[in-house]
Amino acid sequence: MQKDKILVIGASGQIGVELTLALRKIYGNNNVVASDLREQNPLLEGTGPYVSLDVMNKEMLHVQVIRQNITQIYLLAAILSATGEKNPGLAWHLNMQGLLNVLDIAKEEKLHKVYWPSSIAVFGPTSPKQNCPQQTIIEPITVYGISKYAGEFWCNYYFQRFGVDVRSLRYPGLISYKSAPGGGTTDYAVEIFHDALEDKKYECFLREDTYLPMMYMPDAIRATIELMEAPAEKIKVRTSYNVSGMSFSPKEIGEEIKQHIPGFSISYKPDYRQAIADSWPQSIDDSVARKDWGWKEEFDLAAMTKDMFDNLGKTKG
Ligand code: NAD
Ligand code: SER
């Protein structure tokens, strides 16, 4: 069988940087081509090939796939929830057309696998707030959520109709120290660490009691790779899998941070992102992912907070 060669689209983003580095460890540096519209993230420099690529340019994307002998695509380019509400048309266009371009090329070139992330943003105010199940009422109110829900069904359609092996996870909010988040409603849970280290205080754009599902980046990267490496017959959900890590409110993460930064204080000034957060579930039931391909998280709030400070402490001195 042909050795896999992977194209990561959106490799300079919050997930892309860490996923590219993890894939390079597994598949070899030269077998993972990083690509993005913006310049290469400094953390990727010297670790493997990089091409400048706009996922909206289907012809150029197709040329790269053929030229580089690509067999798998990880599509991470998207506009996230908060930025999406500022420009709904652009968010819909990128999130949908980017996916359709990749799925079409995967079909034509008979790629081995495609990865495309969905989000907890598919859920809306009518979905259960606690332990939101895999299958439930799904009525998203953001353009981002609508695009993710439509995207899930495009993935299912390309799998059922054309046999494209496309796999997907509904990520919760992701917390990381290597690369910055890109315009989501859960970004506060990353910003708070930087402000705690720099100023010992943080002004949060969500209310103190806003519980949201979250996951630490090492768990998210492992979930992604475990899903992609699972035998095809174990992947029973071809829309997108619920996955869960932890759930906390701004007040709770503030209390946890105080254990590491005595004197840290948090204040609250909710803005337009509050309505987005209020529409999402507070916690997620991921029992289907656990049963189908053995998902299990490693990091809870305390372990994640400690690891964030251990690592940010090293980079910020
Ligand atoms: P990000 O905004 O940090 O990164 C996206 C990257 O895509 C950026 O580097 C951007 O330059 C690039 N990009 C934008 N338009 C492009 C184009 N036309 N062509 C090529 N590249 C382009 O986003 P992220 O947080 O890394 O998210 C990656 C994926 O995971 C997205 O689909 C997002 O919806 C999903 N997701 C993220 C989270 C999270 O908390 N970060 C949660 C749920 C789902
Ligand atoms: N973290 C993402 C956001 O807030 C969830 O998809 O948009």
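Conventions and cut-offs
Residues numbered from 1 in each chain as written. Chains lettered and ligands numbered in written order. Predicted model: local features only at pLDDT ≥ 70, side-chain atom pairs only at ≥ 80, totals over all residues. Heavy atoms only, no water. Near = heavy atom within 4 Å. Polar contact = N/O pair within 3.5 Å; in protein donor to acceptor, adjacent residues only side chain to side chain. Areas by Shrake-Rupley, 256 points an atom, 1.4 Å probe, with all protein chains shown as cover. Nonpolar A, V, L, I, M, F, W, Y, C, P; charged D, E, K, R; others polar. Buried < 20%, exposed > 50% of the residue type's maximum accessible area, 1.4 Å probe, protein only. Helix = DSSP H or I, 4+ residues; strand = E, 2+ residues; numbered from the N terminus. Pairing = 2+ DSSP bridges. Right-handed = clockwise from strand over helix to strand, strands pointing away. Patch = residues over 30% accessible without salt bridge, like charges linked within 9 Å, V, L, I, M, F, W, Y side chains within 5 Å. Salt bridge = Lys/Arg side-chain N within 4 Å of Asp/Glu carboxyl O. Axes fitted to C-alpha atoms, helices over the stretch in contact; angles between N-to-C directions. Parallel < 35°, antiparallel > 145°, perpendicular 65-115°, else oblique. Left-handed = near helix turned anticlockwise from the far one by under 90°. Contact = heavy atoms within 4.5 Å.

Trainee: Help me out: how do you make sense of the site of ligand 1 in this one?
Mentor: Around ligand 1, the structure places 27 residues, and the nearest of them are Gln14, Asp36, Asp54, Tyr144 and Lys148. Within the backbone of Leu37, an N or O atom sits 3.4 Å from a nitrogen atom of ligand 1. Within the side chain of Lys148, a nitrogen or oxygen atom sits 2.8 Å from an oxygen atom of ligand 1. In isolation ligand 1 offers 830 Å² of accessible surface; the protein chains occlude 92% of this area. Partitioned by chemical class, the residues of the shell around ligand 1 number 14 nonpolar, 9 polar and 4 charged.

Trainee: Sorry, what's going on with the pairing of strand 1 (residues 6–9) here?
Mentor: Looking along a regular strand, one sees the side chains alternate between the two faces of the sheet. Alternating residues of strand 1 divide into Ile6 and Val8 and Leu7 and Ile9, and every residue in both groups is buried. Of the pairings in the sheet, the one linking strand 1 to strand 2 (residues 32–36) comprises 4 bridges and is parallel in character. Paired with Ile9 across the bridge in strand 2 is Ser35. Traced from strand 1 through helix 1 (residues 14–27) to strand 2, the parallel crossover comes out right-handed. In this structure, strand 1 lies alongside strand 4 (residues 72–75), joined through 4 bridges in parallel fashion. Across the sheet, the residue bridging to Leu7 is Ile73, located in strand 4.

Trainee: Can you help me understand a nonpolar patch on the surface in this one?
Mentor: Residues Trp154, Tyr157 and Phe162 make up a contiguous nonpolar surface patch of roughly 260 Å² in combined accessible area. Relative to the helices and strands, Tyr157 resides in helix 5 (residues 143–162). Owing to a relative accessible area of 35%, Tyr157 belongs among the partly exposed residues under this scheme.

Trainee: Whenever I open this one, the site of ligand 2 confuses me. Can you help?
Mentor: In the vicinity of ligand 2, the residues found are Leu80, Ser81, Ser119, Tyr144, Gly173, Gly184, Thr185, Thr186 and Trp280. Between ligand 2 and Ser119 there is a distance of 2.5 Å, counted from an oxygen atom to a side-chain nitrogen or oxygen. Measuring from a nitrogen atom of ligand 2, one finds a side-chain N or O atom of Thr186 at 2.6 Å. Protein contact buries 94% of the 240 Å² of open area that ligand 2 shows by itself. Residue classes in the shell around ligand 2 are distributed as 3 nonpolar, 6 polar and no charged.

Trainee: Explain the packing of helix 4 (residues 88–108) against helix 5 to me, please; I cannot follow it from the model alone.
Mentor: At their nearest, the axes of helix 4 and helix 5 sit 9 Å apart, and the two run at 15° to each other. Viewed along their axes, helix 4 and helix 5 adopt a mutual orientation that is roughly parallel. The interaxial crossing formed by helix 4 with helix 5 has right-handed handedness. Along the contact surface, helix 4 presents Pro88, Ala91, Trp92, Asn95, Met96, Leu99, Leu100, Leu103, Asp104 and Lys107, while helix 5 presents Val143, Tyr144, Ile146, Ser147, Ala150, Gly151, Trp154, Cys155, Tyr158 and Phe162. Its residues placed into classes, the contact of helix 4 with helix 5 shows 15 nonpolar, 3 polar and 2 charged.

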